[in-house]
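Architecture at a glance
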Amino acid sequence: GGLGGFAEDSLFAPPSGSGMSYCVSSHHVSSSGANGQTFEYSSSSRASKQGGNAAVTETQRRYKDSSGLEKIGVSRTVGDRGRNLVRTRDASGNETCNDNLLGVTDGSAFDGEWQRAATDARLNQTGLGSSGHGRLGYGHAPRPRPSEQERRVALEGRRAYE
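Residues numbered from 1 in each chain as written. Predicted model: local features only at pLDDT ≥ 70, side-chain atom pairs only at ≥ 80, totals over all residues. Heavy atoms only, no water.

Attention shifts here to the nonpolar core. In terms of nonpolar packing, the biggest core is built from nine residues, these being V56, V78, V104, F110, W114, A117, A118, A121 and L123. Sorting elements by how many residues they give to this core places helix α2 (residues 107-120) first, with four residues. Excluding residues within four positions of it along the chain, V78 makes contact with A54, A55, F110, E113, W114 and A117. Judged by nonpolar contacts, the second largest core, of five residues, contains V29, Y41, Y63 and L69. (Core = buried A, V, L, I, M, F, W, Y, C linked by side-chain atoms within 4.5 Å. Buried < 20%, exposed > 50% of the residue type's maximum accessible area, 1.4 Å probe, protein only. Helix = DSSP H or I, 4+ residues; strand = E, 2+ residues; numbered from the N terminus. Contact = heavy atoms within 4.5 Å.)

What follows is the structure in structure tokens.
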């Protein structure tokens, strides 16, 4: 799979006769520990593949805990090339940014290529906007208590950023 976590061969079996396929996935976990520490982890992914063209993917992630740590990441791929950008802000407000390139030498040039490929693959029609974190519902009504599996997913998400 690429940075977006998609296995290209298994994910994109085109619907009968269309030559296109889409995938949209979203997860949100919010939890409190016995020590009073709380955290939220969310991930939204979208992917599209048209005919013999390379798969185009985008995954947005957000982690936030009661210590003040916040991480926001966006991973985009076209085929086996991509860019993963992660911004971290600690409790003091200090920010860092990690920009990881996969098979690409210029991140800005790749962003333009990704935009063109996403438009061609109609990725923007898959149900998520290009900045889905603004619509994930932070600060709204309390969510149900997460299952153990959801907690494991959230912790794995946090570890992916560390």
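Turning our attention to the pattern of salt bridges. Per the counting criterion, the structure on display carries eight salt bridges. Between R76 and E58 there is a salt bridge, with its nearest N and O atoms 2.7 Å apart. Here R76 is found in strand β4 (residues 70-78), whereas its partner E58 is found in strand β3 (residues 56-65), with 18 residues between them in sequence. Taking the relative accessible area as the measure of exposure, R76 reaches 15% and is therefore buried. For E58, a relative accessible area of 1% translates into the label buried. Ionic pairing is found between R89 and E95, a salt bridge with its closest N-O pair at 3.7 Å. (Salt bridge = Lys/Arg side-chain N within 4 Å of Asp/Glu carboxyl O.)

Considering all chains together, one arrives at one aromatic pair under this definition. Here the aromatic rings of F39 and Y63 are separated by 6.3 Å at their centres, their planes lie at 20°, and the arrangement is stacked. Separated by 24 residues along the polypeptide, F39 in strand β2 (residues 38-50) and Y63 in strand β3 bring together distant segments of the chain. Assessed through its relative accessible area of 13%, F39 is described here as buried. Under the relative-accessibility criterion, Y63 is labelled buried at 2%. (Phe/Tyr/Trp six-rings, centres within 6.5 Å; stacked < 30°, edge-to-face > 60°.)

What follows is about the confidence of the model for the chain. Mean pLDDT over the chain: 74, with 63% of residues reaching 70 or higher. Across residues 1-17, confidence stays below pLDDT 50; counting only partners more than four residues off in sequence or on other chains, it has 39 contacts. Residue range residues 126-144 is modelled with pLDDT below 50. Its contacts to residues more than four positions away, or to other chains, number 37 contacts. (pLDDT = per-residue confidence, 0-100.)

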